[in-house]
Amino acid sequence: MKISLNGKQIDAGAGRTVLEAARAAGVYIPSLCDIPRLEPFGGCRLCLIEISGRRGYVPACCTSVEDGMTVLSETPALQKIRREILELILTEHPNACLICTEKESCDEHKSTIRKVGETTGCVLCPNNGRCELQDVVEAVGLDRVRFPAVYRNIDIKKTDPFFDRDYNLCILCGRCVRTCQEERGAGTISFIRRGSEAVVGTVLDVPLLEAGCQMCGACVDACPTGALTERALKYEQPAERTDSIICPVCGMGCRMDVSLLGGRIIGSRPAPDGPANGGQACVRGRFLLREIPGSDLRITMPMIRRKKDLEEVEWAEALDFVAGRLKSFKKDEIGLVYSTQLTTEDIFALKKFGRDVLKTKRVLPSSASGAPDMMMDLAGTNGSISSLICDLNAVAEADTLVVCGSDLPRAHPIAWVNVLKALKKDAGLVVAGTADSSMDRHADVTLRVKPGGESALYGLLAGKMITNGREKSGALGPGSEKVFAFYESQKEKALLDSSGIEKMSSVETAAALLLKKGKTVILWDTGTVPDDREKEAAVHLWNLALLTGARLLPLSSTGNSRGAAEIRRSFAAEPTASAFTQDVAEGRIKALYLAGPFPVLKTKKTEFTVLQASFWSEASAKADAVFPAAVFAETEGTFVNTEGRLQYSPRVLEPPDGVKEDWRIVSLLSQIMKRGDFTFKNASGILKEASEVVPAFAGASFTGLKKSNGRFLKSAGESPLNLILPFEKPTKIPTNKSYPLLLECRDSAEGYRELLFAVAHPGFALLRDPEAVWLNPKDAKSLKLGDGDPIKVSFFGGSFGAVARLSDGVPVGAARTIYAGGLLPELSFVPPASVFPVKITRGQ
Amino acid sequence: MGKIPKSEHNDRRELIHLLHDIQEKHGYIPPEAIFVIARKLRITESEIYGVLTFYKGFSLTPRGKHLVTICMGTACHVRGAPRILDEFSRRLNIEPGKTTEDKQFTLETVNCVGACALGPIAITDGKYQGQLKTTDVAKLVDGIRDGDAEGS
Ligand code: SF4
Ligand code: SF4
Ligand code: SF4
Ligand code: SF4
Ligand code: FES
Ligand code: FES
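Predicted, not measured: the structure shown is a model, and the values here were computed from it. (Residues numbered from 1 in each chain as written. Chains lettered and ligands numbered in written order. Predicted model: local features only at pLDDT ≥ 70, side-chain atom pairs only at ≥ 80, totals over all residues. Heavy atoms only, no water.)

Undergrad: Mind laying out the sheet that holds strand S3 (residues 48-51) of chain A, listing which residues take part and the relevant values?
TA: Residue and element names in this part refer to chain A. Reading across from one edge, S2-S1-S5-S3-S4 is the order of the 5 strands in this open sheet, with mixed pairing throughout. A strand with exactly one partner marks an edge of an open sheet, and here the two such strands are strand S2 (8-11) and strand S4 (58-59). Pairing between strand S1 (residues 2-5) and S2: 4 bridges, direction antiparallel. Opposite Lys2, over in S2, you have Asp11 as the bridge partner. (Pairing = 2+ DSSP bridges. Helix = DSSP H or I, 4+ residues; strand = E, 2+ residues; numbered from the N terminus.)

This is how it looks when you write it as structure tokens:
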């Protein structure tokens, strides 16, 4: 399609607006309220154009291109209108600097007396220098504002963490409001009042946090002025450079543009062209990354404990000391824990270190790769996983979405952003889970199950597919008659009871949505410690997907848990978390090598503990030796996100003196211990070896990844998928009279390695309290507990301290917590399962 | 260009209906109602608040029979609007933004009503009262009360 723009022929893709076409062709049409990702709004009227054959002026951002259209955007009449519109906008915006003739030289003479304050000009505005409004004024060429300036004198809102809101600088473009509503589905902010009193704000002007804000920062990035500004950046000089890295925190794999200054990360914004995230991120990547490398808790010197205290020593001495001690343990006597937020290369090196140097099969990831791992397990003999799972793009394109067991906006924010894209196109949404979530109001059906009731629900749904319509024929594998027979003989009523769902009708509605023609995607997450019950759930979901032709997206919890799951398949089987903890408690594991967070267990049986860590944590007090390890931005390497997207992340920071990459530390130890083959010179050499050993990484290299913007993991061909016969007897959640409540533990990557975000930044603690255990107010009442009361949670085999929080969203008889990896002293426990019976009493 | 899902249209229309009903029944929208509606219609509280403050017909505080609005814009301010406001406050025995116990008067402030030359200005039941002096306030209030007495 071609249009003529100011006399030049330009190519305009179909379905796009004139403004987008102009942008793509490099022609500037001033605009303030338009954002490419959002629906056209037509609020600011700066983008007015003339189209021959049509009367008057139309906004380019709301006008679709038509073949052969003749557009003018620079006529004197238009320029005049634009200046007038800008003048109007600027009557309510500090404008002294914008139209000042000294503008150019002002920048150089900043040190002299400032002629205007923040209330009247740009000089003190945190946005100065990267302000879209400045750009537009510049382009339109405004040199005066004829109307009297109005300063609205609205109090600057500073009560929320991470960013301030100064609505005196707001031009009411609505980009923040629309971003929050359309892109994030949060609806935290709205236009309040109208006319000259209009502002952007929350219900009754409460702080953002009370209005359901997730602090994703998308509104800050959308704001063209200094109205919304990141607090931490206010006191920083402009960055020296920007680099793109992959956020290591959760499994979404966002590419972030980090700004660097003096060897520090001062800020991070989602990269607009990030393959997985396309300009979106979440609070963790947006506001917490900068807190990580320079944290006060950073470990920067090797240490060993010869007598009572840990003492700083040189690397050589520490390595010798540790090597000597490690050698004294026999096969399988050392337990190795690795973080799944490390790079693929670090994880591979650590796994190899465990096998060839420590000679142990007791190797545990610090956070389970639950859902992807389980689906891969099922795949093996039942068909190739790549025919079943899908990427985030498929989520955005789906006609029906089923979200199982995840509070997406919090735990898998980019998956949520893609769900919203599908909802905009009228997709159906089923939300199944144990607690209320902000997703509920977008859902067609909400299936509220009791903790542990998930597999009953999924079995029920799979059965409904058969009873309500799915034909029994079809290529669904050799044993499929048996599977059909299984589902047909299910007792629906009993399943409904064990699922905890109130009405069969809501299950019917969900089933009807699943049977609808079109593309269906099921997104699924497990709890903290995936158990048999969740394996059973996985089987039902697998079958459900096959019966409906749906695709699955198993969600991984941390930055590289999917990569770890792939690597794990080329090594000996790992023990379960509970087997590992028992081995520690009962002394079968005599020494611990911790390259990832692990709760401090109250046992005297451990003889030697090595910490390969970046931050001081509870475990440090028990450590006999500490190796300071590099953090994400200081290490070159790759991450695999939840979709199976392998992405390269460069080293953009020098690690502090004395800090080494994880892979280098274990390589050095191996050389001293003269065990194993660790001749790696760099991380790229490790990926090379991994690509030969781990089938999924075949052919991967740093050079290739850098060029190609990442790629999807290979899987061995597309083989047909089979239905899987579910367990004959459903696994029951153990109940126990002395432990009357069911506690559900979920993961959602609330920290990086040993550093809890709630500890790294007080603002994060306001948003997500790691110590919170959520209870239904009814249960709280009978326990005589109020919101915020300290509690003790006891279970068979342990107890921990927490803080009671009340919520109607939690079912009666249930409790819920986000498991933070045992990183706080009170929370130092390993959950025996994702859901387990507990007793709650008042604590100190 | 994506279409707005049907459901959103319905929700918004229903929202305005609901707000009308509540306003009619209580004479104002009690803030708690926002949270109840949010659950019922599956719209966020802030979105409801946006709609509700958009229309002048909805009020978040109980309104009296008579509305007195004092302009606190810059021009009126320098010409003594604060003193006028104080006087109304004192006479009616309420803070700005509040309603008298007998539900007869509500006292509000605005920023500039566009008649600066006439400042300081009060608007009583829609009537502009320009160039006010503190001594005029008693007359105005009594006038409104008397009007009611005559009418009944
Ligand atoms: S938002 Fe932009 S134009 Fe406004 S004061 Fe700040 S830098 Fe200047
Ligand atoms: S931070 Fe995110 S959720 Fe909060 S107001 Fe901004 S866009 Fe909305
Ligand atoms: S706060 Fe920023 S993005 Fe939001 S309406 Fe105002 S200027 Fe636009
Ligand atoms: S934590 Fe996850 S969603 Fe948030 S920025 Fe990082 S990768 Fe993206
Ligand atoms: S950009 Fe078109 S109206 Fe604002
Ligand atoms: S300031 Fe009162 S009318 Fe303008």
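Undergrad: Give me the site of ligand 3: which residues, what numbers.
TA: By nearness alone, 14 residues border ligand 3, and Cys170, Cys173, Gly174, Cys176 and Cys223 of chain A come closest of all. Residue classes in the shell around ligand 3 are distributed as 11 nonpolar, 2 polar and 1 charged. (Near = heavy atom within 4 Å. Nonpolar A, V, L, I, M, F, W, Y, C, P; charged D, E, K, R; others polar.)

Undergrad: Describe the confidence of the model for chain A, listing the residues and the values that go with them.
TA: Residue and element names in this part refer to chain A. Summary statistics for chain A give a mean pLDDT of 90 and a share of 96% for residues scoring 70 or more. Here helix H3 (residues 103-108) stands out as the element of chain A with the lowest mean pLDDT, 64, in contrast to helix H9 (residues 344-357), whose mean of 98 is the highest. Counting interchain partners and residues more than four positions distant, the pLDDT-below-50 stretch residues 111-117 has 7 contacts. (pLDDT = per-residue confidence, 0-100. Contact = heavy atoms within 4.5 Å.)

Undergrad: Give a description of the site of ligand 2 that names residues and reports values.
TA: Lining the immediate environment of ligand 2, one finds Phe163, Cys180, Ala186, Thr188, Cys213, Gln214, Met215, Cys216, Gly217 and Cys219 of chain A. Of the residues that constitute the shell around ligand 2, the class distribution is 7 nonpolar, 3 polar and no charged.

Undergrad: A description of the environment of Trp416 of chain A should follow, citing residues and the corresponding values.
TA: Residues and elements named next belong to chain A. You can see Trp416 is positioned in helix H13 (residues 413-424). We classify Trp416 as buried; its relative accessible area is 2%. Note: C-alpha distance between Trp416 and Val395 (21 residues apart in sequence) is 9.1 Å. Among all residues touching Trp416, those that are not within four sequence positions of it are Arg184, Gly185, Leu408, Pro409, Leu429, Met439 and His442. (Buried < 20%, exposed > 50% of the residue type's maximum accessible area, 1.4 Å probe, protein only.)

Undergrad: Please provide a residue-by-residue account of the domain arrangement of chain B, values included.
TA: Parsing chain B into structural domains produces domain 1 (12-54) and domain 2 (66-151). Computed from C-alpha coordinates alone, the two centres of domain 1 of chain B and domain 2 of chain B are separated by 29 Å. (Domains from an automatic or database assignment.)

Undergrad: Which residues make up the interface of chain B and chain A, and what are the values?
TA: At the junction of the two partners, chain B supplies 21 residues and chain A supplies 27 residues. Buried area between chain B and chain A, summed over both chains or domains, comes out near 2000 Å², and the portion from carbon and sulfur atoms is 50%. Across the pair Arg39 of chain B and Asp436 of chain A runs a salt bridge, and its minimum N-O distance is 3.4 Å. Taken together, chain B and chain A are joined by 11 residue pairs in polar contact (both at pLDDT 80 or more). The set of elements that each furnish at least two residues to the side of chain B that touches chain A consists of helix H2 (31-41) and helix H3 (45-54) of chain B. If one sorts the elements of the side of chain B that touches chain A by residue count, H3 of chain B sits on top with 7 residues. (Buried area = accessible area lost by both parts, 1.4 Å probe. Salt bridge = Lys/Arg side-chain N within 4 Å of Asp/Glu carboxyl O. Polar contact = N/O pair within 3.5 Å; in protein donor to acceptor, adjacent residues only side chain to side chain.)

Undergrad: Requested: an account of the sheet that holds strand S10 (residues 241-246) of chain A, with residues and values cited.
TA: All names here are of chain A. On the basis of which strands lie adjacent, the open sheet formed by 3 strands has the order S10-S11-S12 and antiparallel pairing. Each edge of the sheet is formed by a strand with only one pairing partner; in this case those strands are S10 and strand S12 (264-270). When strand polarity is set aside, the average angle formed by the axes of neighbouring strands in this sheet is 35°. Relative to strand S11 (residues 255-261), S10 runs antiparallel, the two being bridged by 6 bridges. Of the residues in S11, the one forming a bridge with Arg241 is Leu260. (Axes fitted to C-alpha atoms, helices over the stretch in contact; angles between N-to-C directions.)

Undergrad: Explain the pairing of strand S25 (residues 637-640) of chain A to me, using residue names and the numbers behind them.
TA: All names here are of chain A. Along S25, one buried face is formed by Gly637 and Phe639 and the opposite face, lined by Thr638 and Val640, is buried too. Judged from the 4 bridges that link them, S25 and strand S26 (residues 645-649) form a sheet pairing that is antiparallel. Each bridged residue has a counterpart across the sheet, and for Gly637 the counterpart in S26 is Ser649. Where S25 hands over to S26, the hairpin turn is made up of 4 residues, of which Gly644 adopts a positive phi near 90°.

Undergrad: Can you tell me about the nonpolar core, naming the residues and giving the values?
TA: All names here are of chain A. Grouped together as the largest cluster of nonpolar side chains are 94 residues, with contacts concentrated most on Ile292, Leu401, Val419, Leu429, Leu523 and Phe632. The element best represented in this core is H13, accounting for 7 residues. Setting aside its immediate chain neighbours within four residues, Ile292 contacts Arg298, Phe615, Val631, Phe632, Tyr752, Leu755 and Phe757. If you look at the next biggest cluster of nonpolar residues, it comprises 53 residues, including Leu319, Phe627, Ala683 and Leu705. (Core = buried A, V, L, I, M, F, W, Y, C linked by side-chain atoms within 4.5 Å.)

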